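The chain contents come next:
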Amino acid sequence: MDIVVIGAGAAGMLAAAEASRRGANVTLLEKNTKTGVKILMSGGTRCNLTHDTDARGICEAFGHAQRFLQPSVGAFPPVDVVKMFEAAGVATKVESTGKIFPESNRAVQVRDALHTMAVDSGTEIRLRSGVQNVQRSDDGWQVFTDEGTVHADRVIVTAGGRSWPGCGTTGDAYRWLADLGHTIVTPRPALVPLVGGTAWMNALSGITLDDCVATVRRREAKRKQAAIARRSSWLFTHFGFSGPAAMDVSGVMTAASSMNEVRLELDLVPDLDDGRVEATLGDRNADGGRRRVSAVLAQWMPNRLADAMVQCVDADRSVAELPAATRRRLVDQIKRLPVPVSGTRGFDKAEVTAGGVSLKEVDPRTMESRLCPGLFIAGEVLDVDGWIGGYNFQSAFATGRAAAIAASTAK
């Protein structure tokens, strides 16, 4: 059984190793001069390789792709990913956020482990072998590369999406997969910093909220209906917003045909309800009435943000001097701060790609194309994108493994 795997990223290297171990003759094609370039850059060069949860917890992070991922992630959940790396000599650690990193904080250790697994299992890795086209032949598949044509009985496509194009992920596979009949859901940036904000928000560049809730609502929907809500940290930047909460909701925002169709709001104090916030701001007992409103807000948020908030609603005064109407406006701003967004930083700064090969055209148990028998598709090239925190690597590992098992099994 001759199998060609296209793309030596997380999904591709694991797929190659798994298929080789199962007796297939595997050739792994990579356009770059080294394997796993995107792995090396991920997680601030630390590589957040999975998340401390179960298969259900992983799948919940993928929205419309949740059910599609259940078979592959269920068969290869985070605990098994950790065991795999531990067996390969990569000790791991769980951080307070649930993110799992190599204990060394070195992404290169993750890349090297996957590369070694593929080589030790018998995979032939061909670098500088960009794929130009994939076509069916009478007896299998022809893969046309920069270095010539490679024959295969089966092909596994793990060529990635369009995020971080400097890593070589420029969406090459979309064209040949479309030529083979596959529907490509329009690719768009996800897990990407947002552009926008008001002047006072941009002036807060560098300020971090450790805990807030970012909620996206569609403008035509009722107020209580949220397209997505994510609780995590938030970073104000000179161009707009970043941090896990902003990046987690970015994919839903880029799914809209225009940023005018969605609105983003922040709950700056998610542990307090409206009544508690208003009661604290209205407490005039003892010395409480003499306290500046900004000093009360500074209990809950950074000083610079507290100062900006009171200026925003003309509440720069003592608690005793705060009119009831102004207090209610301030509460509304604290619990539902409108955040104007005009766009994103694009694919150059996106950690993953949303969109890709339609999931309706791929068998979720095997990753085999429903249109082209013998063609398997895994990883980010599929229309799957999850939250920040190792979810997307977990998806890549699980789908790559599922594709390898099915492709290397004789039919």
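Residues numbered from 1 in each chain as written. Predicted model: local features only at pLDDT ≥ 70, side-chain atom pairs only at ≥ 80, totals over all residues. Heavy atoms only, no water.

**Q** I'd like a description of the sheet that holds strand S17 (residues 337–339), backed by residues and values.
**A** To summarise the sheet geometry, strands pair through backbone hydrogen bonds and adopt either a parallel or an antiparallel arrangement. Read across the sheet, 7 strands follow the order S17-S16-S13-S14-S15-S12-S18 without closing on themselves; strand pairing throughout is antiparallel. A strand with exactly one partner marks an edge of an open sheet, and here the two such strands are S17 and strand S18 (341–344). Strand-to-strand twist in this sheet, taken as the mean axis angle between neighbours without regard to direction, amounts to 40 degrees. Where strand S16 (residues 262–267) and S17 come together, 3 bridges link them in antiparallel fashion. Within S17, the position partnered with Leu 266 by the bridge is Leu 337. Its contacts with the sheet put helix H9 (residues 244–255) on strand S12 (194–196), strand S13 (208–218), strand S14 (228–236), strand S15 (240–242), S16 and S18, and the angle it makes with S14 is roughly 125 degrees. (Pairing = 2+ DSSP bridges. Helix = DSSP H or I, 4+ residues; strand = E, 2+ residues; numbered from the N terminus. Axes fitted to C-alpha atoms, helices over the stretch in contact; angles between N-to-C directions. Contact = heavy atoms within 4.5 Å.)

**Q** If you had to explain the pairing of S13 to someone new, which residues and values would you point to?
**A** Note: S13 against S14, 7 bridges, orientation antiparallel. Paired with Val 216 across the bridge in S14 is Ile 228. Bridge count for S13 against S16 is 6 bridges, and the pairing is antiparallel. Looking at S16, one finds that Arg 218 is bridged to Val 262.

**Q** Which residues make up the nonpolar core, and what values do they have?
**A** What tends to happen in soluble globular proteins is that the nonpolar side chains get buried as a cluster. Formed by 78 residues in total, the largest nonpolar core has its most connected members in Ile 6, Phe 85, Leu 114, Val 143, Leu 375, Leu 382 and Phe 397. Broken down by element, the residue count for this core peaks at 10 residues, all from helix H14 (residues 391–407). Filtering out sequence-adjacent residues up to four positions away, Ile 6 remains in contact with Leu 29, Val 131, Val 134, Val 143, Val 155, Ile 156, Val 157, Thr 158, Ala 159 and Trp 176. If you look at the next biggest cluster of nonpolar residues, it comprises 45 residues, including Ile 207, Ala 214, Ala 245 and Val 331. (Core = buried A, V, L, I, M, F, W, Y, C linked by side-chain atoms within 4.5 Å. Buried < 20%, exposed > 50% of the residue type's maximum accessible area, 1.4 Å probe, protein only.)

**Q** Describe the sheet that holds strand S1 (residues 2–6), naming the residues involved and giving the relevant values.
**A** As summarised here, the arrangement of the 5 strands in space is S6-S2-S1-S10-S20, forming an open sheet in which the pairing is parallel. Because the sheet does not close on itself, it has two edges, and the strands there are strand S6 (124–126) and strand S20 (375–377). The sheet shows a mean angle of 20 degrees between the axes of neighbouring strands, taken without regard to direction. Two strands pair when backbone bridges link them, and strand S2 (residues 25–29) and S6 are joined in this way by 3 bridges, in the parallel orientation. What sits directly across from Leu 28, in S6, is Ile 125. Contacts between H14 and the sheet are confined to S1, strand S10 (154–157) and S20, with S10 contributing the most and set at about 180 degrees to the helix.

**Q** I'd like a rundown of the domain arrangement of the chain, residues and numbers included.
**A** Assigned domains of the chain: these are domain 1 (2–189 + 346–408) and domain 2 (194–344). Relative placement of domain 1 and domain 2: their C-alpha centres are 38 Å apart. Taken residue by residue, the interface counts 6 residues in domain 1 and 9 residues in domain 2. Interface area for domain 1 against domain 2, summed over the two sides, is near 740 Å², with a carbon-plus-sulfur share of 54%. Sorting the residues of domain 1 by area buried against domain 2 places Arg 188, Trp 387 and Ile 388 first, and these three jointly supply 61% of that buried surface. Here domain 1 and domain 2 share 0 salt bridges between them. At the junction of domain 1 and domain 2, the tally comes to 5 residue pairs in polar contact (both at pLDDT 80 or more). (Domains from an automatic or database assignment. Buried area = accessible area lost by both parts, 1.4 Å probe. Salt bridge = Lys/Arg side-chain N within 4 Å of Asp/Glu carboxyl O. Polar contact = N/O pair within 3.5 Å; in protein donor to acceptor, adjacent residues only side chain to side chain.)

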